[in-house]
Amino acid sequence: MPTARSSRIVPVLAALLGLMTAGLSGCSLLGDDGDNGDQPAATATAPPDVLAGLREALDRRSQAVRDHDAHGFLAGLAPGDRALRRQQRTYFDNLGQLPLGTFDYEVDPSAIVREGDDYEAVVELRTELSGFDERPVLSQDRMRFTSAGSAGQYVVAAASDPAWATDHDVRPQPWDLGPILVRTVPGVLGIFDQGSISSADRLLGDVRQGITDVSAVVPFDWSRSVVVYALSDPSYLASIPDLPGGDPRTLDGVAFPVTAEPGKSAL
């Protein structure tokens with residue numbers, strides 16, 4: 001792409017050769033919440049009915065995403081929390097624009113904490129961007145569940161825990177943080193926002209040409225597929241570890257690797 005920086009967008013280029021994805025960073029599942037004395041200790045194993053109820057809630061949630069079922073997705077949220085519903089509706093709309101080949105959850109029985117009548121659980125999410133990922137990417141967060149009123153049934157009361165994510169080095173992706181707009185051309189998946197979407201056609205064309213230029217000189221086969229984050233807000237770019245120069249405003253773009261699983265080397 002041209003080296004001149006646009007005053008309207010700060011592009012974030014995740015131009016990886018091979019696995020092109022945007023999974024969350026995180027730590028391995030914990031059997032407890034660490035040594036924080038202010039937090040209740042996790043149960044050694046979750047009661048079978050609770051574990052079954054949480055898994056059922058997550059299965060309904062993931063199925064609704066795969067089916068593009070907004071009503072079913074929102075029905076899995078705790079009633080009365082308008083802020084949660086607004087945030088989760090945005091999240092659902094964001095996911096609906098992505099080429100998701102895999103989207104499913106799992107919860108570890110040893111990472112469940114009872115909080116009054118609610119339960120907090122460290123949850124694994126596997127996502128795969130069809131045509132861009134070589135394998136599903138595992139990410140982690142902590143969610144809170146509350147009783148749905150019927151025995152053994154639960155709904156989501158909090159879809160993430162920012163404090164837990166910060167403590168465990170989890171880095172949310174653009175579609176977790178706010179509204180995105182997705183545009184594609186063959187071999188390029190572009191993630192934009194309202195402030196950058198006007199530059200989408202030009203940027204995607206530049207990246208497409210870049211794929212052709214790189215392929216002409218790279219002496220081995222590669223996927224020739226690229227995921228690009230081009231966001232008007234530089235905060236996501238600033239969150240990338242070891243950012244060259246440390247100031248996202250001085251960069252035209254940066255490429256960064258994404259591991260398929262926290263703590264593992266596979267990309």
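Everything in this summary refers to the structure shown in the same document. For every chain, the first residue of its written sequence is number 1, and the numbers climb from 1 along that sequence. Owing to the predicted nature of the model, reporting of local features is limited to residues with pLDDT of at least 70; listing and counting of side-chain atom pairs is limited to 80 or more, with chain, interface and lining totals taken over all residues. Values reported for side chains reflect all heavy atoms of the structure, with hydrogen atoms and water molecules removed beforehand.

## Things to note about helix α1 (residues 48-66)
Okay, step 1: Secondary structure is summarised from DSSP: a helix means a run of H or I of at least four residues, a strand means a run of E of at least two, and numbering begins at the N terminus for each. Residue count minus one, scaled by 1.5 Å, sets the expected span of a helix. When the terminal C-alpha atoms of α1 are compared, their 27 Å separation across 19 residues agrees well with the 27 Å that a helix rising 1.5 Å per residue should span.
Okay, step 2: Burial here depends on accessible area, computed with a 1.4 Å probe over protein chains only, as a share of the maximum for the residue type. Under 20% is buried, over 50% is exposed, and the range in between is partly exposed. Residues of α1 that are buried include every one of Val50, Leu51, Gly53, Leu54, Ala57, Leu58, Arg61, Ser62, Ala64 and Val65, and no others. Looking straight down α1, one finds its buried side chains confined to an arc of 165°; they lie on one side. Along α1, exposed side chains directed more than 90 degrees from the buried face belong to Pro48 and Asp49.
Okay, step 3: Contact criterion: two residues are considered in contact whenever any of their non-hydrogen atoms come within 4.5 Å of each other. Considering only its buried residues, α1 is in contact with α2 (70-75), α3 (82-97), β2 (100-115), β3 (118-129), β4 (137-147) and β5 (154-158). This arc describes the spread of directions from the helix axis toward the C-beta atoms.

## Looking at the pattern of salt bridges
Two side chains bearing opposite charge may form a pair once their charged atoms approach each other closely.
Okay, step 1: Basic side-chain nitrogens of Lys or Arg form a salt bridge, by our definition, when they fall within 4 Å of a carboxyl oxygen of Asp or Glu. Enumeration over the complete set of coordinates arrives at nine salt bridges.
Okay, step 2: The salt bridge partner of Glu56 is Arg60, with a shortest N-O separation of 3.3 Å. Of the two residues, Glu56 and Arg60 both sit in helix α1, four residues apart, roughly one turn of that helix.
Okay, step 3: Its relative accessible area of 38% is what places Glu56 among the partly exposed residues.
Okay, step 4: Taken together, the shared-partner salt bridges connect Glu120, Arg142 and Asp161 into one network.

## Quick look at the sheet that holds β5
Okay, step 1: For two strands to count as paired, DSSP must find a minimum of two bridges between them. Spatially, four strands are ordered β2-β3-β4-β5 in an open sheet, and the strand pairing comes out antiparallel. Both outer strands of the open sheet, β2 and β5, are each paired with one neighbouring strand and no more. Averaged over neighbouring strand pairs, the angle between their axes works out to 40° when direction is ignored.
Okay, step 2: A fitted line through C-alpha atoms represents every axis, and for helices the fit uses only the stretch in contact; the resulting angles, taken between N-to-C directions, go from 0 to 180 degrees. Sitting on the sheet, α1 touches β2, β3, β4 and β5, and the angle it makes with β2 is about 155°.
Okay, step 3: Against the sheet, α3 makes contact with β2, β3 and β5, and its axis sits at roughly 145° relative to β2, the strand it touches most.

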